[in-house]
Amino acid sequence: MTTNRIVLITGANKGIGLATATELAHAGHTVLLGARDPERGAAAAAGLTAQGLDARSVRLDVTDPATVAAAADLIAAEYGRLDTLVNNAGVARDWRRTPEELPVEAVRETYETNVFGVVTVVNAMLPLLRTSPAALIGNVSSGLGSFSFLADPESPIWEHATLLAYNSSKAALNAVTLVYARALRGSGEGGIKVSALEPGYCATDLNGHSGHATAEEGGRRIARQLDEALAGPTGRFFHAEGGTYPW
Ligand SMILES: NC(=O)c1ccc[n+]([C@@H]2O[C@H](COP(=O)([O-])OP(=O)(O)OC[C@H]3O[C@@H](n4cnc5c(N)ncnc54)[C@H](OP(=O)(O)O)[C@@H]3O)[C@@H](O)[C@H]2O)c1
């Protein structure tokens, strides 16, 4: 991505979202940090603008359609288009609970953010994405949502294939990604490319900081995958270490 792009990242006040925002802002893009808490969002954006980067916070709770619509209105009024949407906001509610221990409410909550939230944000941002000459949607997924791995006892993620809400929400997100990739391939000037991205196992609040990589490494991987997603065909599932995942 060499020319300036208007980029919206959901859940960008901390973790991999903030790290991705930092990478993209350093690459010269205008970065809008979606945050459900305006104060946390403003603090994160201030950290970037203090470095001379082009960033601002936008209030956006992916489970609250009114805030999503207001964010779209703000972007339309102030920027007139959106080039890249990174659906990064995510939650994990299952840790240390087996499928039978996990209340269905926890599964619903997970889907509200990880799946329905993405659909809400994509649909609200589509008119703005259609005005971009080269629009891109990147959905931050996980290898933990790969059906191929979930079904394979020999796979590296088999031991983590126990998270009823998280695994299945990312598998649903992958299907959502492919359906949008197909539906939007002829949309706008060059079509809107849609791919699933994977930061790798990073130490963040989401997993009690148990990850092997830093959030900053995760952000660098997401930024690289966005470049590759924009340059190549739509509908891919990028691997943290390079290449792609089996769906
Ligand atoms: N960490 C990993 O190893 C890993 C691996 C693969 C994929 N991922 C994915 O990477 C993404 C980022 O996760 P992370 O590890 O950086 O976790 P994190 O540090 O917990 O950050 C999650 C972000 O999502 C935001 N968020 C949660 N619910 C939201 C909502 N309803 N509306 C708007 N924002 C919301 C959080 O905001 P608050 O601060 O307000 O809570 C926070 O900014 C997630 O989609 C996750 O599934 C992570």
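The sections below set out a description of the structure shown in this document. Computed from a predicted structure; not experimentally measured.

Close contacts around the ligand come from 31 residues, with Gly-11, Gly-15, Gly-90, Thr-204 and Leu-206 the closest. Taken together, the elements giving at least two residues each to the shell around the ligand come down to helix H1 (15-26) and helix H4 (104-129). Of the residues forming the shell around the ligand, the biggest block, 3 residues, is contributed by H1. Here the residues of the shell around the ligand sort into 10 nonpolar, 14 polar and 7 charged.

Moving on, we come to the sheet that holds strand E1 (residues 6-9). The strand order across the open sheet built from 6 strands is E3-E2-E1-E4-E5-E6, with neighbouring strands paired in parallel fashion. The sheet is open, and its two edges are formed by strand E3 (55-59) and strand E6 (192-197), each paired on a single side. Here the strands of the sheet are splayed against their neighbours by 20° on average, with no regard to which way each runs. The strands touched by helix H2 (residues 38-49) within the sheet are strand E2 (30-35) and E3, with E3 carrying the most contacts at an inclination of about 170°. Along the sheet, helix H6 (residues 164-183) contacts strand E5 (135-140) and E6; its crossing angle with E6, the most-contacted strand, is approximately 165°.

Turning to the nonpolar core, a few remarks are in order. Counting residues in hydrophobic clusters, the biggest one holds 60 residues, and the most contacted among them are Ala-21, Val-31, Leu-33, Leu-85 and Met-125. When residues of this core are assigned to their parent elements, the largest contribution, 9 residues, is made by H4. When neighbours within four sequence positions are excluded, Leu-33 is seen to be in contact with Ile-9, Ala-12, Asn-13, Ala-21, Gly-41, Ala-44, Ala-45, Ala-55, Ser-57 and Val-58. Among the nonpolar cores identified, the runner-up in size contains 6 residues, and Leu-144, Leu-163, Ala-165 and Tyr-166 belong to it.

To continue, consider unusual backbone geometry. Although it is not a glycine, Arg-96 sits at a positive phi angle of roughly 65°. Locating Arg-96 in the fold gives a position in the loop between strand E4 (84-87) and H4. Judged by the 6 C-beta atoms lying within 10 Å of it, Arg-96 falls in the exposed class. For His-209, which is not glycine, the phi torsion reads 60° and is therefore positive. In this structure, His-209 sits in the loop between E6 and helix H7 (215-231). For His-209, a count of 11 C-beta atoms within 10 Å puts it in the exposed group.

How each quantity is defined
- Every chain's residues receive numbers from 1 upward, in the order its sequence appears when written.
- At least 70 in pLDDT is required for a residue's local features to be given in this predicted model, at least 80 for side-chain atom pairs to be given and counted, and no such filter applies to totals for whole chains, interfaces and linings, which use all residues.
- Using a C-beta atom placed from the backbone for every residue, we mark a residue as near a molecule or strand if that atom lies within 6 Å of it.
- We count a stretch as a helix when DSSP gives it H or I for four or more residues in a row; a strand needs E for two or more, and each element gets its number in order from the N terminus.
- In the scheme used here, Gly and all other residues not listed as nonpolar or charged are polar, with Ala, Val, Leu, Ile, Met, Phe, Trp, Tyr, Cys and Pro taken as nonpolar and Asp, Glu, Lys and Arg as charged.
- Pairing between two strands requires that DSSP report at least two bridges joining them.
- Axes, fitted as lines to C-alpha atoms, cover a helix only where it is in contact. Angles between the N-to-C directions of the axes lie from 0 to 180 degrees.
- With C-beta atoms placed from the backbone, a contact is any residue pair whose C-beta atoms sit within 7 Å.
- For the purposes of this analysis, a nonpolar core is taken to be any set of buried Ala, Val, Leu, Ile, Met, Phe, Trp, Tyr and Cys residues that are connected through C-beta atoms within 7 Å.
- Each residue is classed by its C-beta neighbour count within 10 Å, where at least 20 other C-beta atoms makes it buried, 12 or fewer makes it exposed, and intermediate counts make it partly exposed; the C-beta atoms are placed from backbone geometry.

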